[in-house]
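Residue-level structure breakdown
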Amino acid sequence: MWCHWAMLRKRGSLILCGAFLFVAWNALLLLFLWGRPPIGRLGGGGGAEPGGGEEWGMGKGKAGGSNLAGEVIRLAEEVESELETQKKLLKQIQSHRSLWEQQKESEKRGSEQLEQELRKEEQKRVQPPQGPKSPQKPNGAEHQHQQQQQQQPDPHKPLHPDATLPPEHKPNAEVENNELPGKSEGDPTKSDPQPVIPILVIACDRVTVRRSLDKLIQYRPSADLHPIIVSQDCGHADTARVIGSYGSQVKHISQPDLSDIPVRPEHRKFQGYYKIARHYHWALNQVFNTLGHSTVVIVEDDLEVASDFFEYFRALHPFLRSDPTLWCVSAWNDNGRDGLVDPGRADLLYRTDFFPGLGWMLTKELWDELEPKWPKAFWDDWMRQPEQRRDRSCVRPEISRTITFGRKGVSLGQFFDQYLRYIKLNTEFVPFTTRDLSYLDRKHYDESFVKEVYSAPLVKLEELHGGSSLKGTGPFRVQYSSRDSFKGLARNLGVMDDLKSGVPRAGYRGVVSFMSRGRRIYLAPPEGWTRYDTSWS
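Below: a short report on this structure. (Residues numbered from 1 in each chain as written. Predicted model: local features only at pLDDT ≥ 70, side-chain atom pairs only at ≥ 80, totals over all residues. Heavy atoms only, no water.)

The next subject is the overall build of the chain. Across its full length, the chain carries 14 helices and 15 strands. For the chain, the proportion of contacts with a sequence separation of at least 24, taken over those separated by at least 6, is 73%. Of the roughly 31200 Å² of accessible surface on the chain, a fraction of 54% belongs to carbon and sulfur atoms. (Helix = DSSP H or I, 4+ residues; strand = E, 2+ residues; numbered from the N terminus. Contact = heavy atoms within 4.5 Å. Areas by Shrake-Rupley, 256 points an atom, 1.4 Å probe, with all protein chains shown as cover.)

Right, here's the structure in full:
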């Protein structure tokens, strides 16, 4: 009984102690909150801010002493407001938790992959070298085939790159993950292993973006090496649903500023061009500065790509990175209509002074140069100005690796019905990464190009159309001497006749190369050409 009584006394003391602490804590909390200025009234004439209409404890009359119940209610409301704010913060933290977990998982996978690669490299170093196998003597047909493959490219024929790399430079089919050879100092034909080249799809309100995305996903060799980033403007819900249906196969980002852009009255009809320039600026900043990529290939939501689209850009990536006289690689030939290209030369590549766009690759270094002065509108024609081009060139193919299917757009079908709908899309896969593309080096290319163009027989337009006196498939040269003569000849020969800052479409050193009735034609200025005349635009 005594023990039970002692236990009750001890428990009663604990209860009294707890009650005292509870009352003291709440009193302190009440005094602390009472000493704070009313929320939302700082500097508004009532609160603890000096200079207000009244300060705590200094109100008129006896309101400070008689309105205790009101103050308690107000304090309770403030506590409730604080709790609601904390609740919102907790919800935001919970919504971001999944993103943090995905990022951690991605970093974990990356570190594991790096460890595996390091182990493989270590195993390769410790393995003893094996002696070369004695080659078997080929039969006559095989020997002839091997001799054809081992022929070196003719330095005087830059337009006909048939030769491939020597056997020691060919990629090994058994190398895991198709890892490219390591980069050799000063040799652009060897690239860094596994460069990541993302594809940026510029989208707006075309639900037919599905056609573009289907082909990109179908042909890309690796989702890791070529992540697809779809940047959407316009806030079009149906297009957003189409993009979202691809799930993790693409990354969907949305341009946040959908407001109209203030323009002068005569440019109101060009509002779309202003919004496109704003979208490009935002999207490229996201790719380079937020996502941290060093190179990107840009396509728009109305472009369909060829089967060797990725192969083409992977092969030319090291040249773009190493050659300061190149500033872009494009998949587009402005004069790529069926009948104006050589269907048997899908491997043919050119340098061009005209910025083609429509599926093009640029580096972060170029974006760092262009971004501070990016235009408000008409960004593609701005790129073609000499202040931006700075005597640099792009690489383009004989046969386009993209076609456009979007007649409807801000340009209202300009050129589409006359030219764009007839562009030929390449159907032959060319293994560009196994080809020797060193002929694209500017010094060698210019020497060979000028020699080939100006050694071609000079003919008149009537001779080309008649054709009776011309023998063979060319090349033949047709000469222009003025803006008007160029436009007249271009129209008669079926190539695009417009000039931008004096540069003809697909032109290089003023020369436009194309096919006409099965013959190679060079539409060229007189020999000794030195520069473009910007007044020809």
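Still more ground to cover, so stick around.
Time to look at the pattern of salt bridges. Enumeration according to the criterion identifies 26 salt bridges in this entry. Between Arg211 and Glu304 there is a salt bridge; the shortest N-O distance is 2.7 Å. Of this pair, Arg211 sits in helix α5 (residues 209-219) while Glu304 sits in strand β5 (residues 303-305), and the two are 93 residues apart along the sequence. For Arg211, a relative accessible area of 38% corresponds to the partly exposed category. A residue is classified by how much of its surface remains accessible, and Glu304, at 13% relative accessible area, is buried. One connected set of salt bridges, linked through shared partners, spans Arg206, Asp301 and Asp302. (Salt bridge = Lys/Arg side-chain N within 4 Å of Asp/Glu carboxyl O. Buried < 20%, exposed > 50% of the residue type's maximum accessible area, 1.4 Å probe, protein only.)

This part is about helix α7 (residues 271-290). Here α7 spans 27 Å end to end across 20 residues, near enough to the 28 Å set by a 1.5 Å rise per residue. A positive phi of about 80 degrees marks Gly292, the residue just after α7. (Expected span 1.5 Å × (residues − 1).)

This part is about helix α6 (residues 237-244). All of the buried residues along α6 are Thr239, Val242 and Ile243. Taken down its axis, α6 places every buried residue within 95 degrees of arc, on the same side. (Arc of directions from axis to C-beta.)

Here the focus is the nonpolar core. Residues Leu216 and Phe309 are the most contacted members of the largest nonpolar core, which totals 50 residues. With eight residues, the top contributor of residues to this core is helix α8 (residues 309-322). Among all residues touching Phe309, those that are not within four sequence positions of it are Ile199, Leu216, Val297, Val299, Ala331, Arg401 and Thr402. Counting residues in each nonpolar core, the second largest holds 26 residues, with Ile253, Leu362, Trp379 and Trp382 among its members. (Core = buried A, V, L, I, M, F, W, Y, C linked by side-chain atoms within 4.5 Å.)

Turning to the packing of aromatic side chains, a few remarks are in order. Counted according to the given criterion, the structure contains 23 aromatic pairs. An angle of 70 degrees between the planes, with centres 6.4 Å apart, marks the rings of Phe449 and Tyr522 as edge-to-face. Taken together, the residues span a long stretch of sequence, with Phe449 in helix α12 (residues 442-455) and Tyr522 in strand β15 (residues 519-524) at a distance of 73 residues. Tyr522 gets classed as buried once you look at its relative accessible area, which sits at 0%. Three or more aromatic residues joined by ring pairs form one cluster here, namely Tyr280, Trp327, Phe355, Trp360, Trp367, Trp374, Trp379 and Trp382. Over the ring of Tyr350 we find Arg396; its NZ or CZ atom is 4.1 Å from the centre of that ring. (Phe/Tyr/Trp six-rings, centres within 6.5 Å; stacked < 30°, edge-to-face > 60°. Lys NZ or Arg CZ within 6 Å of the ring centre and 35° of its normal.)

Turning our attention to the pairing of strand β4 (residues 295-300). Along β4, five of the six residues are buried, which leaves the element largely enclosed by surrounding structure. Sheet analysis places β4 next to strand β8 (residues 360-363), joined by four bridges and oriented antiparallel. Bridging across to β8, Val296 finds its partner in Leu362. (Pairing = 2+ DSSP bridges.)

With that out of the way, let us pick up the sheet that holds strand β11 (residues 476-479). Whenever strands of a sheet pair, they do so through backbone hydrogen bonds, lying parallel or antiparallel. One open sheet holds the three strands; their spatial order is β11-β15-β14, and the pairing between them is mixed. Of all the strands in the sheet, just β11 and β14 (512-516) have a single pairing partner and so form its edges. Each strand of the sheet is rotated relative to its neighbour by a mean of 30 degrees, with strand direction disregarded. Bridge analysis of β11 against β15 gives four bridges, and the strand direction is parallel. Among the inter-strand pairings, Arg477 is bridged to a residue of β15, identified as Tyr522. (Axes fitted to C-alpha atoms, helices over the stretch in contact; angles between N-to-C directions.)

Below, the discussion takes up the state of the cysteines. This structure, assessed with the given rule, holds two disulfides. A disulfide bridge connects Cys204 with Cys234, and the sulfur atoms are separated by 1.6 Å. For the disulfide bridge between Cys204 and Cys234, the dihedral angle about the S-S bond is near -90 degrees, and by the sign convention the bridge is left-handed. Here Cys204, found in the loop between β1 (199-203) and α5, pairs with Cys234, found in the loop between β2 (228-232) and α6; they are 30 residues apart in sequence, far enough to count as distant. The class for Cys234 is partly exposed, based on a relative accessible area of 37%. At a sulfur-sulfur separation of 2.0 Å, the disulfide partner of Cys328 is Cys394. Note on the Cys328 and Cys394 pair: the S-S dihedral is about 120 degrees, so by sign convention the disulfide is right-handed. (Disulfide = S-S within 2.5 Å.)

Across the sheet, which stays open at both edges, the eight strands sit in the order β3-β2-β1-β4-β8-β6-β9-β7 with mixed pairing between neighbours. Edge strands, defined here as strands with exactly one partner in the open sheet, are β3 (251-254) and β7 (349-352). Pairwise comparison of adjacent strand axes, ignoring direction, gives a mean angle of 25 degrees for this sheet. Bridge count for β7 against strand β9 (residues 393-397) is four bridges, and the pairing is antiparallel. The partner of Thr352 across the bridge, within β9, is Cys394. Along the sheet face, α6 touches β1, β2 and β3 and points at about 170 degrees away from the line of β2.

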